[in-house]
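Residues per chain are reported as follows:
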Amino acid sequence: KKYWDMYKREDINLADNPFAPRNSPKQALHNWNELRSMYTNIPQTGPVSDDMARTLIHGYYACTTYTDAMIGNILNELDRLDMRQETLIVLWGDNGWQLGEHGLWCKHANFNTSLHVPLIFSVPGMSHDTKCNALVEFTDIYPTLCELAGLPLPSHLQGTSLVPHLKNPQAPGKEAVFARYLKGDSIRTDRYLYTEW
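Everything in this summary refers to the structure shown in the same document. (Residues numbered from 1 in each chain as written. Predicted model: local features only at pLDDT ≥ 70, side-chain atom pairs only at ≥ 80, totals over all residues. Heavy atoms only, no water.)

## Notes on the overall build of the chain
Link 1 in the chain: The helix and strand tally for the chain stands at five helices and seven strands.
Link 2 in the chain: Each principal axis of the C-alpha atoms in the chain carries an extent, and together these give about 50 × 45 × 30 Å.
Link 3 in the chain: Counting over 197 residues, the chain shows a buried share of 30%.
Link 4 in the chain: For the chain, long-range pairs separated by at least 24 residues make up 56% of all intrachain contacts whose partners lie at least 6 apart in sequence.
Link 5 in the chain: Split by element, the accessible area of the chain, about 13500 Å² in all, is 54% carbon and sulfur.
Link 6 in the chain: Each charge class in the chain can be summarised by its mean position, and for the 18 positive and 22 negative side chains these summaries are 6 Å apart. (Helix = DSSP H or I, 4+ residues; strand = E, 2+ residues; numbered from the N terminus. Buried < 20%, exposed > 50% of the residue type's maximum accessible area, 1.4 Å probe, protein only. Contact = heavy atoms within 4.5 Å. Areas by Shrake-Rupley, 256 points an atom, 1.4 Å probe, with all protein chains shown as cover. Lys, Arg positive; Asp, Glu negative; His and termini not counted. Charge placed at Lys NZ, Arg CZ, Asp CG, Glu CD.)

## A short note on unusual backbone geometry
Among all residues save glycine, negative phi is the norm, and among peptide bonds the norm is trans.
Link 1 in the chain: We note that Asn41 has phi near 65°; this positive angle belongs to a residue other than glycine.
Link 2 in the chain: The topology assignment puts Asn41 in the loop between α1 (33-38) and α2 (50-80).
Link 3 in the chain: Even without being glycine, Asp82 reaches a positive phi, approximately 60°.
Link 4 in the chain: Its place among the elements puts Asp82 in the loop between α2 and β1 (89-92).
Link 5 in the chain: A residue is classified by how much of its surface remains accessible, and Asp82, at 65% relative accessible area, is exposed.

## A word on the environment of Arg9
Link 1 in the chain: Structurally, the position occupied by Arg9 is in the segment before α1.
Link 2 in the chain: A relative accessible area of 28% means that Arg9 is categorised as partly exposed.
Link 3 in the chain: Considered as a pair, Arg9 and Asp51 are 42 residues apart in the sequence and their alpha carbons are 9.7 Å apart.

## Re helix α4 (residues 141-148)
Residues three or four positions apart in an α-helix share a direction because the helix packs 3.6 residues into each turn.
Link 1 in the chain: Regarding α4, the residues found buried are Ile141, Pro143, Thr144 and Cys146.
Link 2 in the chain: Looking at the packing, one finds that the buried side of α4 touches β1, β4 (119-122) and α5 (163-167).
Link 3 in the chain: Once α4 ends, the next one or two residues include Gly150, with phi positive near 75°.

## Some details on the layout of surface pockets
Link 1 in the chain: Here the second largest pocket defines a volume of roughly 250 Å³.
Link 2 in the chain: When its residues are assigned to classes, the lining of the second largest pocket shows six nonpolar, four polar and two charged. (1 Å grid on protein atoms, 1.4 Å probe; cavity = no way out; pocket = protein on both sides within 12 Å on 5 of 7 lines; lining within 4 Å. Points joined across faces, edges and corners; volume = space filled by probe spheres on them. Nonpolar A, V, L, I, M, F, W, Y, C, P; charged D, E, K, R; others polar.)

## Some remarks on the pattern of salt bridges
Link 1 in the chain: For the coordinates displayed, the defined rule picks out seven salt bridges.
Link 2 in the chain: Ionic pairing is found between Arg80 and Glu77, a salt bridge with its closest N-O pair at 2.6 Å. In this pair, Arg80 and Glu77 are both assigned in helix α2, three residues apart and thus about one turn of the helix distant.
Link 3 in the chain: For Arg80, a relative accessible area of 57% gives the class exposed.
Link 4 in the chain: Residues Glu137 and Lys174 are paired through a salt bridge, measuring 2.7 Å at the closest nitrogen-oxygen approach. Residue Glu137 is located in the loop between β4 and α4, and its partner Lys174 is located in the loop between α5 and β5 (177-181); the two are separated by 37 residues in the primary sequence. (Salt bridge = Lys/Arg side-chain N within 4 Å of Asp/Glu carboxyl O.)

## Brief notes about the environment of Leu29
Link 1 in the chain: In this structure, Leu29 sits in the segment before α1.
Link 2 in the chain: Leu29 gets classed as partly exposed once you look at its relative accessible area, which sits at 28%.
Link 3 in the chain: With residues near it in sequence (within four places) discarded, Leu29 still touches Ala20, Ser24, His102, Leu104 and Phe111.

## Observations concerning the side chain of Ser114
Link 1 in the chain: With respect to the element layout, Ser114 can be found in helix α3 (residues 112-115).
Link 2 in the chain: For Ser114, the side chain forms a polar contact with the side chain of Gln98, separated by 2.7 Å.
Link 3 in the chain: Ser114 has contacts with Asn95, Gly96, Trp97, Gln98, Lys107, His108 and Ala109, leaving out every residue within four places of it along the chain. (Polar contact = N/O pair within 3.5 Å; in protein donor to acceptor, adjacent residues only side chain to side chain.)

This is a description of form; function is not addressed.
Right, dumping it as structure tokens:
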């Protein structure tokens, strides 16, 4: 309730693109079964009402704010125990989340709403509050942690260390990154997202 009450229903906007992209294949969309099977008052077919959409978005905002507060509690405890300067922290979301965009809810898609996710590093001795816009992939987390911890990089790694980006957020990123959902393969560049089914 504390986090729910931080948001006013009348300030919650609905997705401005609640329609399927023109000429998108049927495979690019889904019936958001996760939402339909796990929550009450969700219709089994068709869209949710605008009223329900606002409730879902409100809940999403409250949940992410609660999560942020809990992460703050963990960081505060690390500070209290004087362990922050010896602790590498990585926070990431395994997927993005649709809130009505393209008529979708939840995760699972090859659209930006599913492929664009948070990835945050806190590294002792490196500056904080720095944002990097380079293209990276989750396969880059493992080699990054190895390098930061002073461990040898295993030969089987597919990703590349992000330490250069942590030292210089303006460092050039990858030319392209890749994602897959079901039989859809996506290539993301700094300008385009192309998906082939």
